[in-house]
Amino acid sequence: MPICIRPARNEDLEIAAALVQRSINDLWSRHGFEASMPLRPPAFQAFCLSEDATGLWIAEDDEAIIGFGFSWALADFWYLAQLFIEPGKQARGVGGKLLQKTLHHAARLKATNRALITFAFNTSAIGLYTKYGLYPRQPLYRISAPASVVQRRLRSSRYACSPIAVGAAVDWLGQIDSDILGFRRDRHHEYLLRTDATGFRIEEGGSTVGYAYASPEGHIGPLAVAPGADSAEVVSAAMEAALSLQPQQLSLIAPGGADALMARVIEHGFHIVQPLVLMSARSFGDWRNYVPRDPGYM
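Asks: Give a description of the sheet that holds strand β10 (residues 220–225) that names residues and reports values.
Replies: Taken together, the 5 strands give an open sheet; going across it, the order is β7-β8-β9-β10-β13, and neighbouring strands pair in antiparallel fashion. One side of each edge strand has no neighbouring strand; the edge strands of this open sheet are β7 (160–163) and β13 (290–291). Looking at chain direction, strand β9 (residues 207–214) and β10 are connected through 4 bridges and run antiparallel. What sits directly across from Ala-214, in β10, is Ile-220. In the packing of helix α6 (residues 171–180) onto the sheet, the strands contacted are β8 (198–204), β9, β10 and β13, and the crossing angle to β9 comes to about 95°.

Written out as structure tokens, the structure reads:
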């Protein structure tokens, strides 16, 4: 029977999440990395499905799910969050078919830019994306450090940090995103503030200089630095905030072009774990001042 590409449904998302986990662990192990990707609940996928169901697609072979494509869009910006095929099924052209379906989502919304983040060592995926006009723009590095090492080396930032309350107004968050990324993410902030991640407002003398989120596991991101603020001091404040959650380690995804931010975290014991790359149809954003959460959320 031919492979069927159909819209995703809520009941597909748990199965798709397990497929994504298997696919990433298979990719990591084939490139010499530890197959340690945990199985995560598909909360952001479910949120995006409820917002716009036309961005999520399933590939089926004889009624078995073998592929998952997931994109989201804000204003005229389109983002491919996930595109994964069951290990052993990649050579059947499923990825290209799923990508075409997700790109229809971009075309329908008249997106003026398209982007994604993928693993820099996944050359087959990078080759596929370049065929559709998405080109490598920014190197990214997943980095981590033991929390005890960071705690020992960290000096207090001159910026103050305070938690953002669930249900708080997000207009100021959206303004920073607009200044740094070129578009607002208000609904995404409302989603994040309902998760187990803690959002922090970073200030100096009553003026907002940035924001950061930290998970209970110590992962920092997204993080954004307001124009004119000191990115090294913002990330120091974010590290202080993350340490207050008492994790065993800290981690984040650092843009290679963010010199001041990268220098500060390396000084505090972070080391590179994996290379990633931002790809897009055209350049956007100030990547000296933005730390993505993960390849799906950006």
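The rest of the description comes next.
Asks: Could you give an account of unusual backbone geometry, naming the residues involved and the relevant values?
Replies: Gly-221 connects to Pro-222 through a cis peptide bond whose omega is 0°. Mapped onto the secondary structure, Pro-222 falls in strand β10. Unusually for a residue other than glycine, Glu-63 sits at a positive phi of about 70°. For Glu-63, the location among the structural elements is in the loop between β2 (56–61) and β3 (64–74). The residue Ala-75 is not glycine, and still its phi comes out positive at about 55°.

Asks: Would you mind going over helix α2 (residues 43–51) in detail, with residue names and values included?
Replies: Every buried residue of α2 is accounted for by Phe-44, Gln-45, Phe-47, Cys-48 and Leu-49. Contact partners of the buried residues in α2: α1 (13–30), β2, β3, β4 (77–85) and α7 (186–192).

Asks: Go over the sheet that holds strand β11 (residues 249–255) with me, naming the residues and quoting the values.
Replies: Here we have 8 strands laid out as an open sheet, ordered β1-β2-β3-β4-β5-β12-β6-β11, and mixed in their pairing. Every interior strand has two partners, whereas the edge strands, β1 (4–7) and β11, have only one. Here the strands of the sheet are splayed against their neighbours by 25° on average, with no regard to which way each runs. Across the face of the sheet, α2 comes into contact with β2, β3 and β4 while running at roughly 65° to β3.

Asks: Break down the nonpolar core for me, citing the residues and quoting the values.
Replies: Core analysis: the biggest nonpolar cluster contains 52 residues, and Phe-68, Trp-72 and Met-298 have the highest contact counts within it. The element best represented in this core is α1, accounting for 7 residues. If we ignore the near neighbours within four places in the chain, the residues touching Trp-72 are Phe-44, Cys-48, Phe-77, Trp-78, Tyr-79, Ala-81, His-105, Arg-185, His-188, Gly-296, Tyr-297 and Met-298. Membership of the second largest hydrophobic core comes to 32 residues, among which are Ile-143, Leu-250, Ala-254 and Leu-261.

Asks: Describe the pairing of β9, and please don't skip the residues or the numbers.
Replies: Where burial is concerned, most of β9 is hidden: 6 out of the 8 residues are buried. Bridge count between β8 and β9: 7 bridges; the pairing is antiparallel. Among the inter-strand pairings, Ile-202 is bridged to a residue of β9, identified as Gly-210. Where β8 folds back onto β9 in an antiparallel hairpin, the turn is made up of 2 residues, including Gly-205, whose phi is positive at roughly 60°. Where β9 hands over to β10, the hairpin turn is made up of 5 residues, of which Gly-218 adopts a positive phi near 95°.

Each value, and the rule that gives it
- Residues numbered from 1 in each chain as written.
- Predicted model: local features only at pLDDT ≥ 70, side-chain atom pairs only at ≥ 80, totals over all residues.
- Heavy atoms only, no water.
- Pairing = 2+ DSSP bridges.
- Helix = DSSP H or I, 4+ residues; strand = E, 2+ residues; numbered from the N terminus.
- Contact = heavy atoms within 4.5 Å.
- Axes fitted to C-alpha atoms, helices over the stretch in contact; angles between N-to-C directions.
- Buried < 20%, exposed > 50% of the residue type's maximum accessible area, 1.4 Å probe, protein only.
- Core = buried A, V, L, I, M, F, W, Y, C linked by side-chain atoms within 4.5 Å.

Everything listed here is a matter of coordinates, which is why it stays silent on function.
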